[in-house]
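Inside the fold
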Amino acid sequence: MATGLAGTGSRMDSRQATHGSALHVLAPDTVPATAPASTRETINVRATDRVPRQVSAAGVQATGAARGPGRDADQSAVDRSELPCRSHLPMTDFTGKHGLIVGVANKRSISWAIAQAVAKRGARLALTYQGRFEEHVHDLSQGLDQAPLILPCDVSSDTDIAAVFEKIDQEFGGLDFLVDGAAFAPREELEAPFVNTSREGFRVTKDISAYSLIALTRGALPLLEKRGGGSVLTLSYLGSERVFPNYNVMGVAKAALEATVRYLAADVGPKNIRVNAVSAGPIKTLAAAGIKGFSNILHIYPERAPLRRNVETAEVAEASAFLLSDAGKGITGEVLIVDAGFHVTGM
Ligand code: NAD
């Protein structure tokens, strides 16, 4: 949902936290020393995880070395498709996959819940932050088993976006998935009568909340292609097709975003890249707080939704992980509504 937050993208470099809890598990015998970095990936698993047993059963060597960021594109990599036990991994496993997640502001952010959902399944992440959220993102990242790459990115800046993908290419040598959870509307646009929507408010809302998906997908394209395809996901809301009080120009931006999902899906589908959206029910986040009367929406859902409750952030994240994973590999151009069923009701 929309927010009154200002776009204050910082140009500061990332501080890459190191986490010592991961074992670095390699399959050196499956990786030709001369193989290009783009065709190789690192498998990082904790000693307590289920995957290492499967991997080691296949003769893979555990080095025990604590890993640091920046090693994935070099010698410490393995092609997932070459793992002998690959067919035994669940479809929702993200071991060896790399993803970029945009839109983490704090622990309530839906993007953060998605980050946790895919990270616990083995993904290594790049997280971006907008300006003032740098410290939050660094603090949160301490809770991930694999140290993420943390980068500044204001999605209204093509320079920022280009820098993010350049760094990801250097560090990961490719990308498997992308989540765009950025949204913004000036606060006054979420209070005033819709007819008073300003030209500038309309422009900036659509730029950050809808165009960002095009710009990010374009930037990610060469990296996704290096992996033979991938999955792109964004977050929408039912205000794209129905009127909710004060959602205003953000509803128009979400309609544009959902149309963008379909057009992008058609465009990049031949490259084996999928593009989908999860449309979440109302959740109390920083962005939602910018919508006047948001608490009324939160109260009405449990009265009318078939499940008689609101959704939890983790439920949105699990559905997102499904669409990002191989389990969703036949799905593209879709808007999956995760709202306890509210959208099916007439009254
Ligand atoms: P949030 O405030 O945690 O996330 C919004 C994010 O957008 C923040 O991280 C913010 O930094 C980022 N952002 C804003 N302008 C930016 C810019 N110029 N450059 C880069 N990043 C920018 O709130 P959230 O509710 O987790 O929102 C995430 C997504 O979920 C949004 O698209 C929102 O519309 C959507 N959504 C939210 C709800 C809800 O009820 N909270 C429901 C449905 C959909």
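Before reading on, note that the structure itself is shown above.
None of these values were measured; they are calculated from a predicted model.

With that settled, the discussion passes to the nonpolar core. If you look at the biggest cluster of nonpolar residues, it comprises 85 residues, and the most contacted ones within it are I101, V104, I114, A115, V118, L127 and I168. Tallying contributions element by element places helix α6 (residues 248-268) first for this core, with nine residues. Apart from residues no more than four positions distant in its own chain, A115 is found in contact with I101, V104, L125 and L127.

Here we come to the environment of V275. Relative to the elements of secondary structure, V275 occurs in strand β9 (residues 273-280). With 56 residues separating them along the chain, V275 and I331 place their C-alpha atoms 8.3 Å apart. Setting aside anything within four residues of it in sequence, one finds V275 in contact with T217, V232, V261, L264, A265, V268, T332 and G333.

α6 packs onto helix α5 (residues 199-226) with a crossing angle of 20 degrees between their chain directions and a minimal axis gap of 9 Å. Relative to α6, the element α5 is oriented roughly parallel. For the pair α5 and α6, the crossing hand works out as right-handed. Across the interface between the two elements, G201, F202, T205, K206, S209, A210, L213, I214, T217 and L221 from α5 touch V249, M250, A253, A256, L257, T260, L264 and V268 from α6. Of the residues belonging to the contact of α5 with α6, the class tally is twelve nonpolar, five polar and one charged.

Of all seven residues that make up strand β8 (residues 230-236), seven are buried, and the element is covered over most of its length. Side chains G230, V232, T234 and S236 project from β8 onto one buried face, and the interleaved S231, L233 and L235 project onto a second face that is buried too. Pairing of strand β7 (residues 177-180) with β8 involves four bridges; the strand directions are parallel. Looking at β8, one finds that V179 is bridged to L233. With α5 bridging β7 and its parallel neighbour β8, the resulting β-α-β unit is right-handed. Examined bridge by bridge, β8 and β9 share seven bridges and lie parallel to one another. Of the residues in β9, the one forming a bridge with V232 is V275. Handedness of the crossover is the feature at issue here: the chain leaves β8, passes through α6, returns alongside β9, and the resulting connection is right-handed.

As a further point, take the packing of helix α2 (residues 110-119) against helix α8 (residues 313-324). Helix packing geometry: the angle between the two helix axes and the distance between the axes. Orientation of α2 relative to α8, taken along the N-to-C sense of each, is 55 degrees, at an axis distance of 8 Å. When the axes of α2 and α8 are compared, the pair comes out oblique. At the point where α2 passes α8, the crossing takes the right-handed sense. Together, I110, A113, I114, Q116, A117 and V118 of α2 and T313, A314, V316, A317, E318, S320, A321 and L324 of α8 make up the contact between the two elements.

Attention shifts here to the sheet that holds strand β5 (residues 124-129). In spatial order, the strands read β6-β5-β4-β7-β8-β9-β10; together these seven strands make up an open sheet with parallel pairing. Strands with a single pairing partner mark the edges of an open sheet, and in this sheet they are β6 (149-152) and β10 (335-338). Strand after strand, the sheet turns through a mean of 20 degrees between neighbouring axes, direction not considered. As defined by bridge partners, β5 adjoins β6 across four bridges and the pair is classed as parallel. From the neighbouring strand, L127 faces β6, where its bridge partner is I150. On the sheet, helix α4 (residues 158-172) packs against β4 (98-102), β5 and β6 and is oriented at approximately 165 degrees with respect to β6. Set on the sheet, α8 makes contact with β7, β8, β9 and β10; between it and β9 the angle comes to about 165 degrees.

Thresholds applied
- Residues numbered from 1 in each chain as written.
- Predicted model: local features only at pLDDT ≥ 70, side-chain atom pairs only at ≥ 80, totals over all residues.
- Core = buried A, V, L, I, M, F, W, Y, C linked by C-beta atoms within 7 Å.
- Buried ≥ 20, exposed ≤ 12 C-beta atoms within 10 Å, placed from the backbone.
- Helix = DSSP H or I, 4+ residues; strand = E, 2+ residues; numbered from the N terminus.
- Contact = placed C-beta atoms within 7 Å.
- Axes fitted to C-alpha atoms, helices over the stretch in contact; angles between N-to-C directions.
- Parallel < 35°, antiparallel > 145°, perpendicular 65-115°, else oblique.
- Left-handed = near helix turned anticlockwise from the far one by under 90°.
- Nonpolar A, V, L, I, M, F, W, Y, C, P; charged D, E, K, R; others polar.
- Pairing = 2+ DSSP bridges.
- Right-handed = clockwise from strand over helix to strand, strands pointing away.

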